[in-house]
Protein chains: 2
Amino acid sequence: MTTRPRAGRRPGGSGTREAILDAARRRFAELGYDRTTLRGIAADAGVDVALVSHYFGPKQRLFAQAASLPFDPALVLPGLLDGPREDIGRRLARHVLETLDSPTGRRRMTGLIRAAASERQAADEIRERVSRELLVPLAEGLGAPDAPLRASLAGSQIVGLVMARHVVGLEPLTESASGVLVDAVAPVLQHYLTGTLAP
Amino acid sequence: MTTRPRAGRRPGGSGTREAILDAARRRFAELGYDRTTLRGIAADAGVDVALVSHYFGPKQRLFAQAASLPFDPALVLPGLLDGPREDIGRRLARHVLETLDSPTGRRRMTGLIRAAASERQAADEIRERVSRELLVPLAEGLGAPDAPLRASLAGSQIVGLVMARHVVGLEPLTESASGVLVDAVAPVLQHYLTGTLAP
DNA sequence: GAATCAATTCAACACGTGATGATTCTGCAT
DNA sequence: ATGCAGAATCATCACGTGTTGAATTGATTC
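No experiment lies behind these values; they were computed from the predicted model shown.

### Some points on the interface of chain A and chain B
So, point 1. Across the contact, 45 residues belong to chain A and 45 residues belong to chain B.
So, point 2. For the pair chain A and chain B, the two sides together bury roughly 3500 Å², of which 65% comes from carbon and sulfur.
So, point 3. Of all residues in chain A, the largest losses of buried area upon contact with chain B belong to Arg35, Ala117 and Arg127 of chain A, amounting jointly to 13% of the total for that side.
So, point 4. Summed over the shared surface of chain A and chain B, the result is two salt bridges.
So, point 5. For the salt bridge of Arg35 of chain B with Asp34 of chain A, the shortest nitrogen-to-oxygen distance reads 3.1 Å.
So, point 6. Our count for the contact surface shared by chain A and chain B stands at 14 residue pairs in polar contact (both at pLDDT 80 or more).
So, point 7. Contributions of two or more residues to the side of chain A that touches chain B are made by α1 (16–31), α7 (103–118), α8 (120–142), α9 (147–168), α10 (171–174) and α11 (178–194) of chain A.
So, point 8. Per-element accounting of the side of chain A that touches chain B gives the leading share, 13 residues, to α9 of chain A.

This is the structure:
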């Protein structure tokens, strides 16, 4: 009874905080930064608006906490770089499209992209995070001198695919099975990561 | 004096309408749909806010008029499809990167992409227009049965490149000369348009 | 049972937005 | 000179936003 931290109600006992964060993730992903309102988030979470600000401070800070990468780079990158180098494009393509098949994975990716497109400040933060946690380690794993450019080109194809398939909703892509797209995109990623870039 | 259309001041005599449209294009491209305000547009054009609504009606209709393709498909497509088929990827890549080198071309492309990412309704309209005016004709020119998928895949790479290079601002891409990127992207577009998609 | 502290809600502010209708200004035709 | 249509502005509305501070509720500890 001596080291009891504090008196009063248990903090975070009701899980409301998590409910708000979940609702925020969903709305940011579906609507982007601007069109997401604190009131909408609060309604989804079933709480009052003021509680959102009370827990997370201003909207920007809430977004920073809600926008996280759809996977853990530390878990994914070794699996990519360890296997045979001639297969890295296909492994990457498969991983991306598997992520897109899961609702939460898809939601997080579209959320990042929508936010990056709509808010300059969000774009800056996302660029830094993706670059630091994903592209730079990938480039270092590749080892080539032009590896940063290679990793960025691969990233551009991935972003474009998500954008065209899930944000804009281009029909031939939305109706294609993941397997078909893996087959189509894999050689492209392989080209960017290990092929000859100059003709 | 009988067939004179109407009396009164010449319509559009002062060029203000065009000034408003130009300002709208610039702001939509830089800020996206939501963060672009009619007041900002009016300030740029040096007129009162009400004049914007007076000329173009509601914001959505203004956007529809401001968001135009950065080039005329009727002029570009023949040049793409007429040449040798083994070169179509390179010609397309060069055309895209040349467009991106011009400030107005770049502005229009980023504008379309920012708007598509931020507003569902804008995304719908842009998808329809790009599909109808660009992808379908391109697919018909290709003639293959899976041409719509091919054209969409090529489109996804182009969108991703613009997104990564000019919206997010990934450094290795922003600092690469157009020529380098043409060399890197051309074989990819060639693969999508004429290569074998299944392994 | 009383005190305490966090969780939660209530109520309201200050602000910027898109939109509208009335009003003034200006150049051309009569 | 006069009338008038269109260009341009003024003043204002109704609304939704993010944010803030006070008030309320409920569980926990003394």
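### Examining the pattern of salt bridges
So, point 1. Under the criterion given, the structure shown has 16 salt bridges over all chains.
So, point 2. The structure contains a network of salt bridges with shared partners spanning Asp124, Arg127 and Glu128 of chain A.

### What to know about the relation of the copies chain A and chain B
Turning one copy of the chain about an axis and sliding it along that axis gives the other copy, so a rotation and a shift relate them.
So, point 1. Superposing chain A onto chain B takes a rotation of 180° combined with a translation of 0.0 Å along the rotation axis, leaving an RMSD of 0.2 Å. Here the two chains are linked by the operation of a two-fold rotation axis. Across chain A, the smallest distance between a C-alpha and the rotation axis is recorded for Gly160 of chain A, namely 1.7 Å.
So, point 2. A shared binding surface is used by both copies, with 100% of the interface residues of chain A retained as interface residues in chain B.

### Comments concerning the confidence of the model for chain A
So, point 1. Averaged over chain A, the pLDDT score is 89; the fraction of residues at 70 or greater is 93%.
So, point 2. The low-confidence segment residues 1–12 of chain A, where pLDDT is below 50, has zero contacts with residues more than four positions distant or belonging to other chains.

### Observations concerning the environment of Gly79 of chain A
All names here are of chain A.
So, point 1. Residue position: Gly79 is located in helix α5 (residues 73–82).
So, point 2. What makes Gly79 partly exposed here is its relative accessible area of 47%.
So, point 3. As a C-alpha pair, Gly79 and Arg17 span 62 residues in sequence and 34 Å in three-dimensional space.

### Quick notes on helix α6 (residues 88–101) of chain B
All names here are of chain B.
So, point 1. Counted at 1.5 Å a residue, the expected span for α6 with its 14 residues is 20 Å, and the 20 Å between its end C-alpha atoms agrees.
So, point 2. For α6, the set of buried residues is Ile88, Gly89, Arg91, Leu92, Ala93, Val96, Leu97, Thr99 and Leu100.
So, point 3. In this fold, the buried residues of α6 make contact with α5 (73–82), α7 (103–118), α8 (120–142), α9 (147–168) and α11 (178–194).

### Examining the environment of Val159 of chain A
So, point 1. With respect to the helices, strands and loops of the structure, Val159 of chain A is situated in helix α9.
So, point 2. Val159 of chain A gets classed as partly exposed once you look at its relative accessible area, which sits at 23%.
So, point 3. Taking C-alpha positions, Val159 of chain A is 9.2 Å from Thr110 of chain A, a pair spaced 49 residues apart along the chain.
So, point 4. Residue contacts for Val159 of chain A: discarding those within four places in its chain leaves Ile113 of chain A together with Met163 of chain B.

### A few points about the packing of α8 of chain A against α9 of chain A
Residue and element names in this part refer to chain A.
So, point 1. Running from N to C, α8 and α9 cross one another at 125°; their axes reach a closest spacing of 8 Å. It follows from the interaxial angle that α8 and α9 lie oblique. Viewed along their axes, α8 and α9 form a crossing whose handedness is right-handed. Residues Leu135, Leu138, Ala139 and Leu142 of α8 touch α9, and the partners they reach there are Ala147, Pro148, Ala151 and Ser152.

What counts as what
- Residues numbered from 1 in each chain as written.
- Chains lettered and ligands numbered in written order.
- Predicted model: local features only at pLDDT ≥ 70, side-chain atom pairs only at ≥ 80, totals over all residues.
- Heavy atoms only, no water.
- Contact = heavy atoms within 4.5 Å.
- Buried area = accessible area lost by both parts, 1.4 Å probe.
- Salt bridge = Lys/Arg side-chain N within 4 Å of Asp/Glu carboxyl O.
- Polar contact = N/O pair within 3.5 Å; in protein donor to acceptor, adjacent residues only side chain to side chain.
- Helix = DSSP H or I, 4+ residues; strand = E, 2+ residues; numbered from the N terminus.
- Least-squares fit on C-alpha atoms with pLDDT ≥ 70 in both.
- pLDDT = per-residue confidence, 0-100.
- Buried < 20%, exposed > 50% of the residue type's maximum accessible area, 1.4 Å probe, protein only.
- Expected span 1.5 Å × (residues − 1).
- Axes fitted to C-alpha atoms, helices over the stretch in contact; angles between N-to-C directions.
- Parallel < 35°, antiparallel > 145°, perpendicular 65-115°, else oblique.
- Left-handed = near helix turned anticlockwise from the far one by under 90°.

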